[in-house]
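Examination of the molecular architecture
If you want the building blocks of each chain, they are given just below.
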Amino acid sequence: YYLARDHGITNIAVLEKGYIGGGNTGRNTTIIRSNYLTPEGVAFYDQSVKLWQDLSADFDLNLFYSTRGHFTLAHTDSAMRTTRWRAEVNKHLGVDSEVVYADDVQKACPQMDISCAGHAPILGALYHAPGAIARHDAVAWGYGRGADQRGVEIHQKTEVLGIDVEAGEIKGVKTNRGYISTRKVLCAVAGFTPRITKMLDIRTPLYIHPLQAMVTEPMKPWLDQILVSGSLHVYVSQSARGELVMGASLDPYELHNTRSTFDFVEGLASHMLDMFPFLSNAKINRQWAGMADMTPDFAPIMGKTPVKGFYLDSGWGTWGFKATPVAGKTMSYTVAKD
């Protein structure tokens, strides 16, 4: 989309093994924010949030972008110290974040048991007013349609079987539907990245963990905010359809698979009930998993590689959706300008 729109490059084939939006784009919990801790991370994601706010107009498509306010809950003194640190870094860089306390959290979300069943009482939170959610499918369709309208080819059900390299340079791509001659390849396939880099004998520090999520049956809107608890390993928001969209931490083992587990549902439901006991009769509608491509320092790998013409956009782990616009813009610049 950005190569075509910003750089006038339209001789592009998007190769998708499954269907557009069927990977991690359609398997995430759609939280958008910029309240990070490092100056580089805050600046990068703040640029992304600004791009997000104009994206519906860019696409001429309703993305159901909804600013909710994002609470990162603190249950311990050390978590409160980190909360103050993050708030100061955010403010210094012009990002709207502030420390709030238990009574502020209770006032914003009166339905919550602030004691969390006595296990982990909430002491305060980092409140990030620009925190938002969007409709992930609409985002995928918006980018896809925008690229298609500008002459980009999108090939679904097209699996990459091999990548040809001669004298250290990209020459072409073998697929299950034919051969493509090209001097540039951008790999942006999240948890499938090691399978592609293996074709080129490129080693990366990526390791793949499943990341699961689930939603309840739709219910009347009651949760306006996005709530995140690192101590309870819970994040939750309510979608435009009324479902509670919930996630937890990574599965604690390496696995190149998107299978779901009962253990995940049991653990997450238990922690949700610590915060919201009245949900005990809510039904779980469905659960799913994505494959998170993790790096040792939790920073993405973006840019050029030892193979000329082969570009990598990976290592987004659990925070890739919110970076979609800024990653697209920066990677398109790198591919266009080398």
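Residues numbered from 1 in each chain as written. Predicted model: local features only at pLDDT ≥ 70, side-chain atom pairs only at ≥ 80, totals over all residues. Heavy atoms only, no water.

Between helix α2 (residues 39-59) and helix α5 (residues 136-149), the shortest axis-to-axis distance is 10 Å and the interhelical angle comes to 50°. Taken together, the axes of α2 and α5 lie oblique to each other. For the crossing formed where α2 meets α5, the hand is left-handed. Residue-level contacts link W52, L55 and F59 of α2 to V139, G142, Y143 and R145 of α5. Looking at the contact of α2 with α5 residue by residue, the classes come out as five nonpolar, one polar and one charged. (Axes fitted to C-alpha atoms, helices over the stretch in contact; angles between N-to-C directions. Helix = DSSP H or I, 4+ residues; strand = E, 2+ residues; numbered from the N terminus. Parallel < 35°, antiparallel > 145°, perpendicular 65-115°, else oblique. Left-handed = near helix turned anticlockwise from the far one by under 90°. Contact = heavy atoms within 4.5 Å. Nonpolar A, V, L, I, M, F, W, Y, C, P; charged D, E, K, R; others polar.)

For the rest of this paragraph, the subject is the sheet that holds strand β12 (residues 185-187). Taking strand neighbours across the sheet as the criterion, the three strands line up as β12-β19-β18 in an open arrangement whose pairing is mixed. A strand with exactly one partner marks an edge of an open sheet, and here the two such strands are β12 and β18 (301-304). Each adjacent strand pair in this sheet contributes to an overall mean axis angle of 15°, direction not counted. Bridge count for β12 against strand β19 (residues 310-314) is three bridges, and the pairing is parallel. The partner of L186 across the bridge, within β19, is Y311. (Pairing = 2+ DSSP bridges.)

Bringing the packing of aromatic side chains into the picture now. Enumeration according to the criterion identifies 15 aromatic pairs in this entry. Note on Y1 and Y143: the rings are 5.3 Å apart at their centroids and 80° apart in plane angle, and the pair reads as edge-to-face. Of the two residues, Y1 sits in the segment before α1 (2-7) while Y143 sits in helix α5, which places them 142 residues apart along the sequence. Take Y1 and Y143: they sit in the same class, and that class is buried. Among the aromatic residues, those joined into a cluster by ring pairs are Y1, Y2, F59 and Y143. (Phe/Tyr/Trp six-rings, centres within 6.5 Å; stacked < 30°, edge-to-face > 60°. Buried < 20%, exposed > 50% of the residue type's maximum accessible area, 1.4 Å probe, protein only.)

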